[in-house]
Amino acid sequence: MKKKTIATKGDKKNNFNGLGRRDNIDGTIMASLPFIGYILFSFFPMAFSVVISFTELHGYDFSQMRFLWEDGVWHTFDNYINLFKTEFFGISVLNSLQYTLIVPFKLALQLYIAHLLTKRVVARKFFRVAYFIPSICSTVAVSVMWNWIFEPNFGIVNTFLGYFGGPRLGLVSSAEEFMRCVWVLSIWWGGCNVILMDSALASVDTSLKEAASLDGASEFKIFWKITFPCITPTIFYHLVMNFIAAMQEMGLMQVLSNGGTGPGYKALTMTYYMYQLSFGAYSQGKLGGMGIGCAFGWFIALIIIVVTRLQFWLAKKWVNYD
């Protein structure tokens with residue numbers, strides 16, 4: 001007859017400690033993988049770019065990197081100072097700021113479309129899918145498609161106007177019209193914002209709107225006094241993220257201008273100019289190279305940080321988290 005063994009409290013404690021220790025080890029290993037990836041592919045490159053921004057470097061041979069010494073004096077911030085002396089610095093900043101002007105208007109239009117989708121619209125699911133599809137398409141593919149539409153000679157817009165005897169427009173070949181074409185593309189490409197705003201509108205408590213309607217409030221007043229305050233966190237999120245993306249825009253402009261700087265340098269945004277200073281046409285000479293390119297990168301980062309902090313400060317006055 002087998003004897004029954006009775007586990008003591010010490011045995012249970014030891015088993016628990018063993019399982020807990022294994023869980024801690026497994027959890028640490030799983031949590032450390034993203035952290036190691038961040039160190040290798042984000043933190044280290046960022047830190048190294050700070051070092052490079054204080055040096056002169058042309059090309060990928062880091063053995064040729066030299067700090068900015070002259071007559072025994074280290075000219076610490078020469079790259080940051082010379083950045084303002086480069087030929088197209090002011091133009092690139094103005095182009096990027098001009099592109100960001102579309103962000104609030106784009107969000108307002110997308111909010112209106114999302115509001116319409118909350119109504120009893122025929123084929124509402126179809127329209128939701130149709131608005132979302134552009135946001136998952138490749139930047140290059142979308143830009144090439146719109147380049148065919150805006151092309152001044154055989155593009156769809158000018159072909160359509162010519163069929164009805166209308167004048168031909170310069171569009172992407174015109175300095176006056178280039179940025180407007182970019183704005184149209186940017187608005188068309190914002191379907192993801194529409195879907196997220198539609199979801200935020202659907203989560204608003206309908207009983208509040210029904211009570212306001214019974215009290216005689218108009219539809220506009222219900223939207224402005226009840227619906228809009230409830231979705232301000234979602235709008236604020238889109239405002240911040242879209243501004244950051246607009247300040248870093250490069251590929252869209254580059255493809256629309258066929259790899260150039262566009263008519264009147266309208267396609268030369270800050271990030272595109274940073275690329276040109278680091279690797280492209282302006283990378284040689286004193287006012288070029290990876291050093292001044294990294295300095296430009298941190299200048300862009302500083303603008304984004306300052307404006308984002310300003311947006312968070314202003315959000316206290318209009319964003320409602322209740």
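All of these numbers come straight from a predicted model, not from anything done at the bench.

Scoring rules and cut-offs
Residues numbered from 1 in each chain as written. Predicted model: local features only at pLDDT ≥ 70, side-chain atom pairs only at ≥ 80, totals over all residues. Heavy atoms only, no water. Helix = DSSP H or I, 4+ residues; strand = E, 2+ residues; numbered from the N terminus. Rg over C-alpha atoms; globule rule 2.2 N^0.38 Å. Buried < 20%, exposed > 50% of the residue type's maximum accessible area, 1.4 Å probe, protein only. Contact = heavy atoms within 4.5 Å. Lys, Arg positive; Asp, Glu negative; His and termini not counted. Charge placed at Lys NZ, Arg CZ, Asp CG, Glu CD. Phe/Tyr/Trp six-rings, centres within 6.5 Å; stacked < 30°, edge-to-face > 60°. Salt bridge = Lys/Arg side-chain N within 4 Å of Asp/Glu carboxyl O. Polar contact = N/O pair within 3.5 Å; in protein donor to acceptor, adjacent residues only side chain to side chain. Axes fitted to C-alpha atoms, helices over the stretch in contact; angles between N-to-C directions. Parallel < 35°, antiparallel > 145°, perpendicular 65-115°, else oblique. Left-handed = near helix turned anticlockwise from the far one by under 90°. Nonpolar A, V, L, I, M, F, W, Y, C, P; charged D, E, K, R; others polar. 1 Å grid on protein atoms, 1.4 Å probe; cavity = no way out; pocket = protein on both sides within 12 Å on 5 of 7 lines; lining within 4 Å. Points joined across faces, edges and corners; volume = space filled by probe spheres on them. Patch = residues over 30% accessible without salt bridge, like charges linked within 9 Å, V, L, I, M, F, W, Y side chains within 5 Å. Areas by Shrake-Rupley, 256 points an atom, 1.4 Å probe, with all protein chains shown as cover.

What the protein contains, in helices and strands, is 14 helices and four strands. For 322 residues, the compact-globule estimate of 2.2 N^0.38 gives 20 Å, and the C-alpha radius of gyration of the protein, at 28 Å, exceeds that figure by more than 25%. The C-alpha extent of the protein, read off along each of the three principal axes, is 100 × 80 × 45 Å. With 322 residues in all, the protein has 35% of them scored as buried. Across the protein, contacts joining residues at least 24 apart in sequence account for 67% of those joining residues at least 6 apart. For the protein, the distance from the average position of its 26 positive side-chain charges to the average position of its 19 negative side-chain charges is 15 Å.

With that out of the way, let us pick up the packing of aromatic side chains. One pass over the full model with this rule turns up 25 aromatic pairs. Aromatic side chains F54 and Y80 sit 5.7 Å apart centroid to centroid with 50 degrees between the ring planes, which places their arrangement in the tilted category. With a gap of 26 residues between them, F54 in the loop between α1 (9-52) and β1 (55-56) and Y80 in helix α2 (residues 78-83) connect regions that are remote in the sequence. Judged by centre distance (6.2 Å) and plane angle (65 degrees), the ring pair of F77 and Y80 falls under edge-to-face. Members of the aromatic cluster, each reached through a chain of ring pairs, are F84, F88, F89, Y265, Y273, F296 and F299.

Attention shifts here to the side chain of E249. Checked against the element boundaries, E249 lands in the loop between α11 (219-247) and α12 (251-256). Buried and unpaired, E249 has K106 as its nearest opposite-charge partner, separated by 7.9 Å. Reaching out from E249, the side chain makes a polar contact with the backbone nitrogen of L252 at a distance of 3.0 Å.

Turning to the packing of helix α10 (residues 206-214) against α11, a few remarks are in order. Viewed as axis vectors pointing N to C, α10 and α11 meet at an angle of 150 degrees, and their least axial separation amounts to 10 Å. With respect to α11, the axis of α10 lies roughly antiparallel. Regarding α10 and α11, the two cross each other, and that crossing is right-handed. Facing α10, whose interface residues are L208, K209, A212 and S213, α11 presents I222, I226 and T227. Here the contact of α10 with α11 is composed, by residue class, of four nonpolar, two polar and one charged.

Considered as a void within the structure, the largest pocket measures approximately 460 Å³ in volume. Of all the elements in the fold, those that place two or more residues in the lining of the largest pocket are α4 (102-117), α9 (191-202) and α11. At six residues, α11 tops the list of elements feeding residues into the lining of the largest pocket. For the lining of the largest pocket, the per-class residue count stands at 10 nonpolar, eight polar and two charged.

Nonpolar side chains collect at one region of the surface, where M30, L33, F35, I36, Y38, I39, L40, F41 and F43 lie side by side and expose about 980 Å² of accessible area between them. As for its placement among the helices and strands, M30 is situated in helix α1. Look at M30 and you get exposed, because its relative accessible area is 58%.

The next subject is the side chain of D198. Here D198 lies in helix α9. For D198, the side chain forms a polar contact with the side chain of R128, separated by 2.7 Å. Excluding its chain neighbours within four sequence positions, the residues that come into contact with D198 are A114, L117, T118 and R128.

Backbone geometry at L171 places phi at a positive 50 degrees, although glycine is not the residue there. Relative to the elements of secondary structure, L171 occurs in the loop between α7 (156-163) and α8 (178-188). Among the residues examined, L171 registers a relative accessible area of 8% and is labelled buried. In the Ramachandran plot, Y265 falls in the positive-phi region, its phi being about 60 degrees despite a non-glycine side chain. Note on placement: Y265 falls in the loop between α12 and α13 (270-278).

Bringing the environment of P45 into the picture now. Along the polypeptide, P45 turns up in helix α1. The class of P45 is partly exposed, set by a relative accessible area of 36%. Leaving out residues up to four positions away in the same chain, P45 has contacts with I39 and L40.

Remember, this is a structural readout, not a statement about activity or role.
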